[in-house]
Amino acid sequence: MKNASHILASLRQKPSFSKLAHFECIRRIQGLFPPHLQRLVRYGYFHNKILYFVLSHPGAKQEFDNIIASIKAPLKLYTPPECREHLPEDIRAFVTHRIEAAKSEDKGMIRDSETHYTERSEGAFGNEAHHPELHRLIERIREHIHARTDSEPA
């Protein structure tokens, strides 16, 4: 009986799924980075046989530039099996300044555009306004509060 890894391995062999091999190679090379730098990598991609990593912080770019030579040299001597067909000629990185969308648990669900709150006031306050226009405005507010508390179920 085949399990998921056997199925994925057989799919990777097919030319129509060659992108899977690219992603495996990117993941393997990213695994060579120190753990704190791995967390700052947003994603990686190939373009013209150059592997690009998109970083989320300028400090990560500086550290990447410092350690990239120590990653490229062993890759030329020992090529991981995932990268035998897709070995990059160069590895580069840049920082993106695009803000990531907030990740929410209800992603993809439709929300109401209006938020409804229950009225907590009872409208029990005095109206000491001497100006007739202000007096009427406060009374309209009181009527609005009474109308909202009367229409809500207890």
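About the cut-offs
- Residues numbered from 1 in each chain as written.
- Predicted model: local features only at pLDDT ≥ 70, side-chain atom pairs only at ≥ 80, totals over all residues.
- Heavy atoms only, no water.
- Disulfide = S-S within 2.5 Å.
- Helix = DSSP H or I, 4+ residues; strand = E, 2+ residues; numbered from the N terminus.
- Buried < 20%, exposed > 50% of the residue type's maximum accessible area, 1.4 Å probe, protein only.
- Expected span 1.5 Å × (residues − 1).
- Contact = heavy atoms within 4.5 Å.
- Salt bridge = Lys/Arg side-chain N within 4 Å of Asp/Glu carboxyl O.
- Core = buried A, V, L, I, M, F, W, Y, C linked by side-chain atoms within 4.5 Å.
- pLDDT = per-residue confidence, 0-100.

Inspection of every chain in the model, using the stated rule, returns 1 disulfide. The side chain of C25 participates in a disulfide bridge whose partner is C83; the two sulfur atoms lie 2.1 Å from each other. Taking the torsion about the S-S bond as the criterion, the C25 to C83 disulfide, at about 115 degrees, is right-handed. Of this pair, C25 sits in helix α2 (residues 18-30) while C83 sits in the loop between α4 (58-77) and β3 (90-95), and the two are 58 residues apart along the sequence. The exposure class assigned to C25 is buried, which follows from its relative accessible area of 0%.

Right, let's talk about α2 for a bit. With 13 residues, α2 should cover 18 Å at 1.5 Å per step; its first-to-last C-alpha distance of 19 Å lies within 8% of that length. Of the positions making up α2, those classed as buried are A21, H22, E24, C25, I26, I29 and Q30. Looking at the buried side of α2, the elements it contacts are α1 (4-12), α3 (35-39), β1 (41-47), β2 (50-55), α4 and β3.

Another aspect to go through is the pattern of salt bridges. For the coordinates displayed, the defined rule picks out 6 salt bridges. For K72, the salt bridge is made with D90, and the minimal N-O distance between the two is 2.6 Å. With K72 in helix α4 and D90 in strand β3, the pair connects residues that are 18 residues apart, well separated along the chain. For K72, a relative accessible area of 26% corresponds to the partly exposed category. Residues R92 and D90 are paired through a salt bridge, measuring 3.0 Å at the closest nitrogen-oxygen approach. Through salt bridges with shared partners, one network takes in K72, D90 and R92.

What follows concerns the nonpolar core. Soluble globular proteins tend to bury their nonpolar side chains together. Counting 20 residues, the largest nonpolar core has I29, F33, L51, F53, L55, F64 and I91 as the members making the most contacts within it. Of all the secondary structure elements, the ones that give two or more residues to this core are α2, β1, β2, α4 and β3. Looking at this core element by element, the count peaks at 6 residues for α4. Leave out the neighbours within four places in its chain, and L51 touches I26, I29, Y45, F46, P88, D90, I91 and R92.

This paragraph deals with unusual backbone geometry. If you check the backbone angles, N48 has positive phi at about 55 degrees while not being a glycine. Position of N48 relative to the elements: it lies in the loop between β1 and β2. The class for N48 is exposed, based on a relative accessible area of 61%. Not every positive phi belongs to a glycine, and K49 is a case in point at roughly 60 degrees.

The subject of this paragraph is the confidence of the model for the protein. Confidence along the protein averages 81 in pLDDT terms, with 85% of residues attaining 70 or more. Confidence, expressed as mean pLDDT per element, reaches its minimum in the protein at α1 with 79 and its maximum at β2 with 92.

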